[in-house]
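These are the residues of each chain, in order.
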Amino acid sequence: MSDAPVELIKVTIDGVEVEVPKGTLAIRAAESVGIAIPRFCDHPLLEPIGACRQCLVEVPDAGNGRGFPIPQAACTLATAPGMQIKTQATSQMARDAQVGVQELILLNHPLDCPICDKAGECPLQNQAFANGRAESRYDGVKRTYPKPLQLSPQILLDRERCVLCARCTRFSEQISGDPLIALTERGAVQQVGLFADEPYNSYFSGNVVQICPVGALTAKSYRFNSRPFDLVSTDTTCEHCAAGCQLRTDHRHFTTRRRLAGAAPEVNEEWNCDKGRFAFASGHEDRLTTPLVREDGQLRPASWPEAIAAAAAGLQAAGDSVGVLTGGRLTLENAYAYSKFARIALGTNNIDFRSRPGSDEEAGFLAHAVAGVRSGVTYAALESAKRVVLVAFEPEDEAPIVFLRLRKAVRKNKLRVLTIAPFASLGSQKLGAELVQCLPGQEVAALQKLELDADTIVLVGERAALSPDTLDQAVHLTAKAQAGLAWIPRRAGDRGAVEAGCLPNLLPGGRPVGEPAARVDMAASWGEDLPIEPGLTSDGMLEAGLAAYVAAGIEPADYASQQAVQSALGNAFVVSLENRVSPVHDFADVVLPVALIEEQSGHFLNWEHRGGFVGRVNTQAKTAMTDLRALGMLAAALGKPLGLASTSQAAAEFAALGPWEGKRAALVSPAKDSPKGLLLASWHQLLDASRALDGAPELATTARPAKALLGPKTAKKYSIDPGAEIAVIGSEGQVRLPAEISEGMVEGAVWLPAKGTPAQPYSIASLGVAPGGVVELKGGDGNE
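Residues numbered from 1 in each chain as written. Predicted model: local features only at pLDDT ≥ 70, side-chain atom pairs only at ≥ 80, totals over all residues. Heavy atoms only, no water.

Concerning the overall build of the protein
Then, in step 1: If you tally the helices and strands in the protein, you get 23 helices and 37 strands.
Then, in step 2: Dimensions of the protein along its principal axes, counting C-alpha atoms only, are 85 × 60 × 55 Å.
Then, in step 3: Within the protein, buried positions represent 59% of all 784 residues.
Then, in step 4: In the protein, the share of contacts with a sequence separation of at least 24, taken over all contacts with a separation of at least 6, comes to 71%.
Then, in step 5: Approximately 30,600 Å² of the protein is accessible, and the part contributed by carbon and sulfur atoms is 52%. (Helix = DSSP H or I, 4+ residues; strand = E, 2+ residues; numbered from the N terminus. Buried < 20%, exposed > 50% of the residue type's maximum accessible area, 1.4 Å probe, protein only. Contact = heavy atoms within 4.5 Å. Areas by Shrake-Rupley, 256 points an atom, 1.4 Å probe, with all protein chains shown as cover.)

Put into C-alpha cells, the structure is as follows:
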C-alpha cells in the first residue's frame, strides 16, 4: 500500500464543517459527525452501487459553486473540497425524496413482520417508522412468489421481501469469490437467482443472511426458531479454527439459537465462515453428564469421588509410564492446567497437543520460532503486504478468515499470492495464486527457489511438519531476507496450547525444557521441581505403549495411524476428559465429563497471538465442570494440588509468568528420506466428516464431494478413467473414491481429502499413511 500522505478536505454537512480524506463518500462523511442517513444497499465493506436510492441527499454546492438539480445518492457521492450537503435533517428535498423511495420499496413488500425472522432488528422496519409515511397510499394487489426459494440447503429466499439492494450478490462476488447468485430478470420481476445446476454452496453463505436488510434471506436452521427480542446475546470467540473470529451467540432458555459474526475490524471484520456460524449444536445429543468407570469390561455411571479415586489409583500404578494427549478444543486456561498437571501431578514431560501427524522438527520449530514470540505478522500486515507465500497451507479450508483477508488484499492492493502445493485448489484460484508445484513432502525445495524479500510474508501450515527441513528453512530464509513468517495451525486451541507448554520440549511462555534457567523459573512459580528430560511426542507416546494415558479432546481418526492409537489405548489405563461420547471411550477406564465450550469462559489465542474472550453462554449447564477443575480434583487425589481453583486464577497465573526472555530452544535437524512410489497428498476440507458438524444437517450437506485427484500421466500409468472408483491403499487399510483427472495435478501423487463427507465418511488415518507417505492405487477392476 502507498505511504503517501492523505489529502484532507473540508465539506459541510447540515451546517457542520467536517474534515475528511479526499474522495470520502458522503454517507461516510456524515457518519463521522454522527449524522445517520437511511440506507439499504450501502455496506462499509462492500463497493458502492447506489441500488436502493434510499440515501438521497441535497447537494446545493458541489464544491464548484454549483449544485445538483436533483437529489444524489450519498453512498456513491464522493466528497470534494467545499462541498455542501444537506440530509433529511435539514432539507425538505432530501426528506421528500427518501419518503418517496421508501414508499416505492414498500409497494410490493409483504406485511410479514409478525412472522419474519428479521422483525425486531430490521433496517426497513426501523426506517419505515423513523423516516417513512405513517400510512400507505397503495391499496392494490401486492406481487407474490412461491416461498421460500432454496438457494442452498441452508439459505432460503423470500423473493417478495427482497428490495434488490444487491448486498448478497456483491458479497458473493467481491468478498467470498463465489459468484453463484445474481440479480436476474428486469423491471418489476427482477429477483435474486442462482444457476440451475449450481446451488449456493459457499463456505461463507451465512453472511448474506446477516447483511440482508429486510429478511429476504434466512437461515433454515433458525427460520421461525425465535425472535430477536427473545434472545440474550453473549460475545465469544469461535472454537473451530485458529482465525480467532469474534462471534455473537444468541441464546434463549439457555440454549444457543444462532450465531452471528461479531464486529472485529482487526480480525474477522464483520464476516465469519459457515462452520463458525452454524456448527454449534454438536454435543447436545450425546452429551456426557455423569462420570463413568469401567467395571467387568463395561462403563457404568459413578459419582465424582469414585471416578476421581479410580483415576488416581490407575495413574499412580502406572508410575512414570504415563502420557497426556490433548486436542484442539482447549482454551488457553485449560491447556495451561494440563501442562501444569503433567509436570506437577504426574512428574512427566510426556504431553503433546498435536492430535495429528507431527514431527520432532515441528516441536523444535514451535519452541524456537512460535512460543512466546509475536512475529508482527497480523491480518493488517497480510492486507498491506506485496507478496504472500503459502507453504503447506490452504487458507480457505484451514483458516477461512485468513482467506477472506488475502482475497481483499488481492482485489484492492494487488497482493501477489504464491502457493506451494501439488495443485491449485479452488481457494487458490479465487486468490489468483501462482502455483509453485511440488510433490507432498518436498515443499522445501520449492521454497528455496523463491527469492524472498522484506515485502514478503511466508505463511506455513501445520502440514509443513511432514515436509522434512521445510520449517527450519522457513526460519532461516525469512530471517536472511527480513521477510515475515507466521505459523497458522488448523485448530482454535493449538496456539494457546503452544504458549501453555503442551509440548514435550516446552514449558509455559516458550521456556525450553532443556534450559536449566527456564526450569528454575517455572519451579519458583509452581513450587515444585520439574522433570529434567524432554518427554515423548504424541507419536512417541503411542509407539512406546505407555502404561497410562490422560486424553482430552482427541480423535483416533485424526492421527497418522488409527490402529496405532487404538492399540496403545487398548493396552493401557486411560482417563478420558470429554464433553460428549467419543471413540476414545471404547478404551477408557475412567471418563470424566467436562463442560462444552458454551458452558465455560476463557480465552483462545489465534494465529496472530491475539487473545479472544470465550463468553459463557449457558449458566444452567448440566455439568459446569471445566477441564481445569476436573484436573484440580485429580491432582489433589494424587497428593499434588495444582492451586488452580478457577479459570480466572489460571489466566492470572499464566499472565504473571510472562514470555521467556532467555535462550531460545534450538531448531531440530530433521531425518531426511526420499520415499519412492506414489505419494499421498491430503488436507482437511473445512466441511467434512468431522463430528463438529453433528447437529447441523443443512451445513453438512454443503460439504464438497470427496474425490481422488490424479494427474493425466499418473492416471494413465494405473489405467484409471475419469469418474471411475479407485482404491487408495495404505499399510493398514484403504479408501475408495471416484477419480478426478486434472491437468493441474502434480504427477506421481494422489490427493484426497483427509476426511470424507458426512454422507461418505472415512479418514486417511485408516490407511496408516501420513501425507507424503507412499500408497498403492487400484482401479475398480482391481488393476494396479
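Having seen the structure, we can now continue with the description.
Digging into the pattern of salt bridges
Then, in step 1: What the rule picks out here adds up to 50 salt bridges.
Then, in step 2: With a shortest N-O distance of 3.2 Å, Asp-42 and Arg-39 are connected by a salt bridge. Each member of the pair, Asp-42 as well as Arg-39, is classed as buried.
Then, in step 3: Arg-259 is the partner of Glu-239 in a salt bridge, and the nearest nitrogen-oxygen pair spans 2.9 Å. Of this pair, Glu-239 sits in the loop between strand 11 (232-237) and strand 12 (246-252) while Arg-259 sits in strand 13 (residues 255-261), placing them 20 residues apart in sequence.
Then, in step 4: Taking relative accessible area as the criterion, Glu-239 reaches 18% and is therefore assigned buried.
Then, in step 5: One network of salt bridges, with partners in common, ties together Asp-112, Lys-147, Asp-158, Glu-160, Arg-161 and Arg-223. (Salt bridge = Lys/Arg side-chain N within 4 Å of Asp/Glu carboxyl O.)

Topic: the packing of aromatic side chains
Then, in step 1: Taken as a whole and judged by the stated rule, the model has 8 aromatic pairs.
Then, in step 2: A ring pair is formed by Phe-204 and Phe-403, whose centres lie 6.0 Å apart and whose planes are at 10 degrees; its orientation type is stacked. You can see Phe-204 sitting in the loop between strand 9 (191-194) and helix 5 (206-211) and its partner Phe-403 sitting in helix 12 (residues 400-413), a full 199 residues away along the chain. With respect to burial, Phe-204 and Phe-403 carry one shared label: buried.
Then, in step 3: A ring pair is formed by Trp-683 and Trp-751, whose centres lie 5.1 Å apart and whose planes are at 55 degrees; its orientation type is tilted. Of this pair, Trp-683 sits in the loop between strand 30 (678-681) and helix 22 (697-700) while Trp-751 sits in strand 34 (residues 749-751), placing them 68 residues apart in sequence. With respect to class, Trp-683 is no different from Trp-751; both count as buried.
Then, in step 4: Through successive ring pairs, a cluster of aromatic residues spans Tyr-336, Trp-526 and Phe-654. (Phe/Tyr/Trp six-rings, centres within 6.5 Å; stacked < 30°, edge-to-face > 60°.)

Description of the sheet that holds strand 18 (residues 387-391)
As a general point, the strands of a sheet are linked pairwise by backbone hydrogen bonds and lie either parallel or antiparallel.
Then, in step 1: The strand order 20-19-18-21-22 describes an open sheet built from 5 strands, whose pairing is parallel. A single partner strand is all that each edge strand has here, and the edge strands are strand 20 (434-437) and strand 22 (484-488). Averaged over all neighbouring strand pairs, the angle between strand axes comes to 20 degrees, with direction disregarded.
Then, in step 2: Examined bridge by bridge, strand 18 and strand 19 (residues 416-421) share 5 bridges and lie parallel to one another. For Arg-387, the partnering residue across the bridge sits in strand 19 and is Arg-416.
Then, in step 3: Strands strand 21 (456-461) and strand 22 of the sheet are contacted by helix 9 (residues 360-370), whose axis makes an angle of about 125 degrees with strand 22. (Pairing = 2+ DSSP bridges. Axes fitted to C-alpha atoms, helices over the stretch in contact; angles between N-to-C directions.)

Quick look at empty space enclosed by the protein
Then, in step 1: The tally for this structure, following the rule as stated, stands at 7 cavities of 30 Å³ or more.
Then, in step 2: Approximately 860 Å³ is the volume attributed to the largest cavity.
Then, in step 3: Lining the largest cavity are 40 residues, and of these Glu-239, His-240, Arg-329, Ser-690 and Ala-692 lie nearest its centre.
Then, in step 4: Taken together, the residues that form the lining of the largest cavity break down as 12 nonpolar, 12 polar and 16 charged.
Then, in step 5: Empty space within the second largest cavity amounts to approximately 230 Å³.
Then, in step 6: Pro-357, His-684, Ala-754, Ile-764 and Pro-771 are the residues nearest the centre of the second largest cavity, which is lined by 23 residues in total. (1 Å grid on protein atoms, 1.4 Å probe; cavity = no way out; pocket = protein on both sides within 12 Å on 5 of 7 lines; lining within 4 Å. Points joined across faces, edges and corners; volume = space filled by probe spheres on them. Nonpolar A, V, L, I, M, F, W, Y, C, P; charged D, E, K, R; others polar.)

Section: the nonpolar core
The nonpolar side chains of a soluble globular protein tend to be buried with one another.
Then, in step 1: Ranked by internal contacts, the top residues of the largest apolar core, which has 100 residues, are Phe-171, Leu-217, Leu-382, Val-388, Val-402, Leu-459 and Trp-607.
Then, in step 2: By residue number, the principal contributor to this core is helix 12, which donates 7 residues.
Then, in step 3: If near-sequence neighbours (up to four positions away) are discounted, Leu-382 is found in contact with Val-377, Val-388, Val-402, Leu-406, Ala-409, Leu-415, Ile-457, Leu-459 and Trp-607.
Then, in step 4: The next biggest cluster of nonpolar side chains, apart from the first, holds 84 residues, and it includes Ile-351, Ala-474, Cys-502 and Ala-650. (Core = buried A, V, L, I, M, F, W, Y, C linked by side-chain atoms within 4.5 Å.)

Structural notes on the packing of helix 7 (residues 304-318) against helix 20 (residues 627-637)
Then, in step 1: Packing of helix 7 against helix 20 leaves a shortest axis separation of 9 Å and a crossing angle of 60 degrees. By the angle class used here, helix 7 and helix 20 are oblique. Here helix 7 and helix 20 pass one another in a crossing that is right-handed. Here Trp-304, Ile-308, Ala-311, Ala-312, Leu-315 and Gln-316 of helix 7 lie close against helix 20, whose contacting residues are Ala-630, Met-633, Leu-634 and Ala-637. (Parallel < 35°, antiparallel > 145°, perpendicular 65-115°, else oblique. Left-handed = near helix turned anticlockwise from the far one by under 90°.)

So, the sheet that holds strand 12
Then, in step 1: The antiparallel open sheet is built from 3 strands, whose spatial order is 11-12-13. Edge strands, defined here as strands with exactly one partner in the open sheet, are strand 11 and strand 13. Adjacent strand axes in the sheet meet at a mean angle of 30 degrees when their direction is disregarded.
Then, in step 2: Summarising the sheet, strand 11 and strand 12 pair through 6 bridges and their orientation is antiparallel. Bridge assignment links Ser-233 to a residue of strand 12, and that residue is Asp-250.

Description of the side chain of Arg-343
Then, in step 1: Within the fold, Arg-343 resides in helix 8 (residues 332-345).
Then, in step 2: With no salt bridge to any partner, buried Arg-343 finds its closest opposite charge in Asp-352, at an N-O distance of 9.6 Å.
Then, in step 3: Among the polar contacts made by the side chain of Arg-343, one reaches the side chain of Ser-339 at a distance of 2.7 Å.
Then, in step 4: Only 2.7 Å separates the side chain of Arg-343 from the side chain of Asn-349, close enough to count as a polar contact.
Then, in step 5: In contact with Arg-343, other than residues within four places in its own chain, are Thr-348, Asn-349, Ile-351, Gly-501, Leu-503, Leu-506, Leu-507, Val-513, Trp-526, Leu-530 and Pro-531. (Lys, Arg positive; Asp, Glu negative; His and termini not counted. Polar contact = N/O pair within 3.5 Å; in protein donor to acceptor, adjacent residues only side chain to side chain.)

Quick look at the environment of Ala-263
Then, in step 1: Structurally, the position occupied by Ala-263 is in the loop between strand 13 and helix 6 (274-278).
Then, in step 2: In this structure, the C-alpha to C-alpha distance between Ala-263 and Gln-246, residues 17 residues apart in sequence, is 7.1 Å.
Then, in step 3: Setting aside anything within four residues of it in sequence, one finds Ala-263 in contact with Glu-269 and Glu-270.

Regarding the layout of surface pockets
Then, in step 1: Taken as a whole, the largest pocket holds about 920 Å³ of empty space.
Then, in step 2: For the lining of the largest pocket, the secondary-structure elements that each account for two or more residues are helix 9, helix 18 (538-544) and helix 19 (562-570).
Then, in step 3: The element contributing the most residues to the lining of the largest pocket is helix 18, with 4 residues.
Then, in step 4: Of the residues that constitute the lining of the largest pocket, the class distribution is 18 nonpolar, 11 polar and 9 charged.
Then, in step 5: Considered as a void within the structure, the second largest pocket measures approximately 800 Å³ in volume.
Then, in step 6: Lining the second largest pocket we find 28 residues, and of these Leu-426, Gln-685, Arg-704, Pro-705 and Glu-740 sit closest to its centre.
Then, in step 7: Among the elements that take part in the lining of the second largest pocket, helix 13 (residues 426-430) stands out by supplying 4 residues, more than any other.
Then, in step 8: The class makeup of the residues in the lining of the second largest pocket is 10 nonpolar, 9 polar and 9 charged.

Some thoughts on helix 8
Then, in step 1: Taking 1.5 Å per residue as the helical rise, helix 8 with its 14 residues ought to reach 20 Å, and the 19 Å between its terminal C-alpha atoms agrees with that figure.
Then, in step 2: Among the 14 residues in helix 8, 14 count as buried, and that is most of the element.
Then, in step 3: Directly beyond the C-terminal end of helix 8, a positive phi value near 65 degrees is found at Gly-347. (Expected span 1.5 Å × (residues − 1).)

Some points on the pairing of strand 30
Then, in step 1: The alternating pattern of strand 30 places Leu-678 and Leu-680 on one face and Leu-679 and Ala-681 on the opposite face, and all of these are buried.
Then, in step 2: Looking at chain direction, strand 30 and strand 37 (residues 774-779) are connected through 2 bridges and run antiparallel. Residue Leu-679 lies in a different strand from strand 37, and its bridge partner there is Val-774.
Then, in step 3: Pairing between strand 30 and strand 34: 3 bridges, direction parallel. Counterpart to Leu-679 in the pairing with strand 34 is Ala-749.

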